[in-house]
Amino acid sequence: MSLRFHEISEARNRILNPFDQAKLDLLGEIVSPAAGSRHLDLACGKGEMLCTWAARYGTTGVGVDLSEVFLAAARERAAELRVTDRVRFEQGDAGAYRPEPGGYDVVSCVGATWIGGGLTGTIELMRPALREGGLLLVGEPYWTEEPPPAAPEALGLARDDCATLEGTLDRFEAAGVELLEMVLADPDSWDRYMATQWWTMSDWLREHPDDPDAPAMRGVLDRARRSHLAYQRRYLGWGVFVLRPVG
Ligand SMILES: C[S@@+](CC[C@H](N)C(=O)[O-])C[C@H]1O[C@@H](n2cnc3c(N)ncnc32)[C@H](O)[C@@H]1O
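Keep in mind the model is a prediction, meaning the values are calculated, not measured. (Residues numbered from 1 in each chain as written. Predicted model: local features only at pLDDT ≥ 70, side-chain atom pairs only at ≥ 80, totals over all residues. Heavy atoms only, no water.)

Re the site of the ligand
Our working rule: Proximity criterion: a residue is near a molecule or strand once any of its heavy atoms comes within 4 Å of it. Residues adjacent in sequence count toward polar contacts only when both atoms are side-chain atoms; beyond that, a polar contact is any pair of N or O atoms within 3.5 Å, and within protein one must be able to donate a hydrogen and the other to accept it. Throughout, the Shrake-Rupley method with a 1.4 Å probe supplies accessible areas, and for residues the shown protein chains are the sole cover considered. For this classification, Asp, Glu, Lys and Arg are treated as charged, while Ala, Val, Leu, Ile, Met, Phe, Trp, Tyr, Cys and Pro are nonpolar and the rest, including Gly, are polar.
As a structural note, the neighbourhood of the ligand is formed by 20 residues, with Asn17, Ala43, Asp65, Ala94 and Val110 the closest of them. Here Asp65 contributes a side-chain N or O atom positioned 2.6 Å from an oxygen atom of the ligand. Asp93 places a side-chain nitrogen or oxygen 2.9 Å from a nitrogen atom of the ligand. Across the complex, the protein chains shield 88% of the 590 Å² of accessible surface that the ligand would expose by itself. Here the shell around the ligand is composed, by residue class, of 13 nonpolar, 5 polar and 2 charged.

Pasting the structure below:
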């Protein structure tokens, strides 16, 4: 799906992943970043994690994202929470972003591990920015059970793009990081992420019947709704995993 379609379909979402506010807050409590610690968020979306953690814990941070639309919302959120002096947002390809080596206490990539060509590559991409003893936060899908063959295709995935939870642990271990903690989405929080988008897309289609992208957007909406109900809700889990490099 093109960036423009994401920007339209997620216009009413503040968190651009299958977490609801309670789960994002729980992740914050678990990580409990120290005041003044530095946070780099790759593919930060609307910057909700960076902004709320800066407000709640006194962290400072940098968010990188491709979308100017999402970054504008992130800057607005920073102003709303009065943390514009602590967080800044940069437009760019997070896969090509070269941060200060060892400059961050927390490096996150939540829901965008394609930036490094998959989970392992993204962990490799994130590690150099991390200071000794710092934490990586990775948001990643997983299969809750073996999916029927039609499921990955309907969800726009290959079967091996993600693993089971145990297989995800294997991937972390192979990448040289230890799994310390995790917060997982559930079908209800998945619904908040997806079903909000159905209504937003439906309204957009009513308001823009003659837009050249309208037929494609109708297809996106139909597929998003059907694949979520048929497969995503049951077979695709999603979580944020708290990781620390081994050794
Ligand atoms: C699923 S959303 C997650 C956003 C945010 N991390 C969150 O959890 O709310 C994926 C984000 O990745 C961004 N994105 C996609 N490809 C990117 C890239 N190569 N570099 C930077 N951002 C990218 C999109 O604009 C979008 O904001």
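The rest of the description comes next.
Description of the nonpolar core
Here is a general trend for soluble globular proteins: nonpolar side chains tend to be buried in one another's company. So the rule is basically this: Throughout this description, the term nonpolar core refers to a set of buried Ala, Val, Leu, Ile, Met, Phe, Trp, Tyr and Cys residues connected via side-chain atoms within 4.5 Å. Remark: exposure states derive from per-residue accessible area (1.4 Å probe, protein chains only) relative to the maximum for the residue type, with buried under 20%, exposed over 50%, and partly exposed in between. Strands are runs of DSSP state E lasting at least two residues, helices are runs of H or I lasting at least four, and both sets are numbered from the N terminus onward. Residues count as neighbours in contact if any of their non-hydrogen atoms are within 4.5 Å of one another.
With 39 residues, the main nonpolar core has Phe19, Leu27, Leu137 and Met217 as its most contacted residues. Sorting the residues of this core by element identifies α1 (3-9), α2 (21-31), α3 (48-57), β4 (104-110), β5 (130-143), α8 (187-207), α9 (214-235) and β7 (236-245) as the ones contributing at least two each. Considering every element that reaches this core, the biggest residue donor is α8, with 8 residues. When residues no more than four places from it in sequence are discounted, the contact partners of Met217 are Phe5, Ile8, Met201, Trp204 and Leu205.

Overview of the UniProt feature "domain: Methyltransferase" (unreviewed entry) in the chain
Just so we agree on the cut-off: UniProt positions are given in the numbering used here, feature names are shortened, and annotations may be inferred rather than shown by experiment.
Mapped onto this numbering, the UniProt entry gives "domain: Methyltransferase" (unreviewed entry) at residues 40-134. In this annotation, residues 40-134 is assigned 33% helix and 27% strand; the end-to-end C-alpha distance for the span is 11 Å.

Comments concerning the pairing of strand β1 (residues 38-42)
For the record, the criterion: Pairing between strands requires that DSSP locate at least two bridges from one strand to the other. Note on handedness: a clockwise path from strand one over the helix to strand two, with the strands aimed away from the viewer, defines a right-handed crossover.
Within β1, 4 of the 5 residues are buried, which leaves the element mostly enclosed by the surrounding structure. Pairing of β1 with strand β2 (residues 60-65) involves 5 bridges; the strand directions are parallel. The partner of Leu42 across the bridge, within β2, is Val64. Traced from β1 through α3 to β2, the parallel crossover comes out right-handed. Across 4 bridges, β1 lies against β4 in parallel orientation. Residue pairing for β4: His39 is matched across the bridge by Val106.

A look at the packing of α8 against α9
In plain terms, the rule: Note on definitions: angles span 0 to 180 degrees between N-to-C directions of axes, and those axes are lines fitted to C-alpha atoms, for helices only across the stretch in contact. Convention used here: angles under 35 degrees read as roughly parallel, angles over 145 as roughly antiparallel, angles from 65 to 115 as roughly perpendicular, and any remaining angle as oblique. Whether a crossing is left-handed or right-handed is set by the direction in which the near helix is turned from the far one by less than a right angle, anticlockwise for left-handed and clockwise for right-handed.
Running from N to C, α8 and α9 cross one another at 160 degrees; their axes reach a closest spacing of 10 Å. Relative to α9, the element α8 lies roughly antiparallel. Once α8 is placed against α9, the crossing between them reads as left-handed. Contacts between α8 and α9 pair Pro187, Asp188, Trp190, Asp191, Met194, Trp198, Met201, Ser202, Trp204 and Leu205 from the former with Ala214, Met217, Arg218, Val220, Leu221, Ala224, Arg225, His228, Leu229, Gln232 and Arg233 from the latter.

Details of the sheet that holds β2
A sheet is described by the order of its strands in space; here 7 strands give the open sequence β3-β2-β1-β4-β5-β7-β6, paired in mixed fashion. The sheet is open, and its two edges are formed by β3 (87-91) and β6 (177-184), each paired on a single side. Each strand axis lies, on average, 20 degrees off the axis of its neighbour in the sheet, ignoring direction. Sheet topology note: the β5/β7 ladder contains 8 bridges and is antiparallel. Bridging across to β7, Leu137 finds its partner in Val242. Lying on the sheet, α2 is in contact with β5, β6 and β7; it crosses β6 at an angle near 145 degrees. Relative to the sheet, α9 contacts β5 and β7, its axis offset from that of β7 by approximately 35 degrees.

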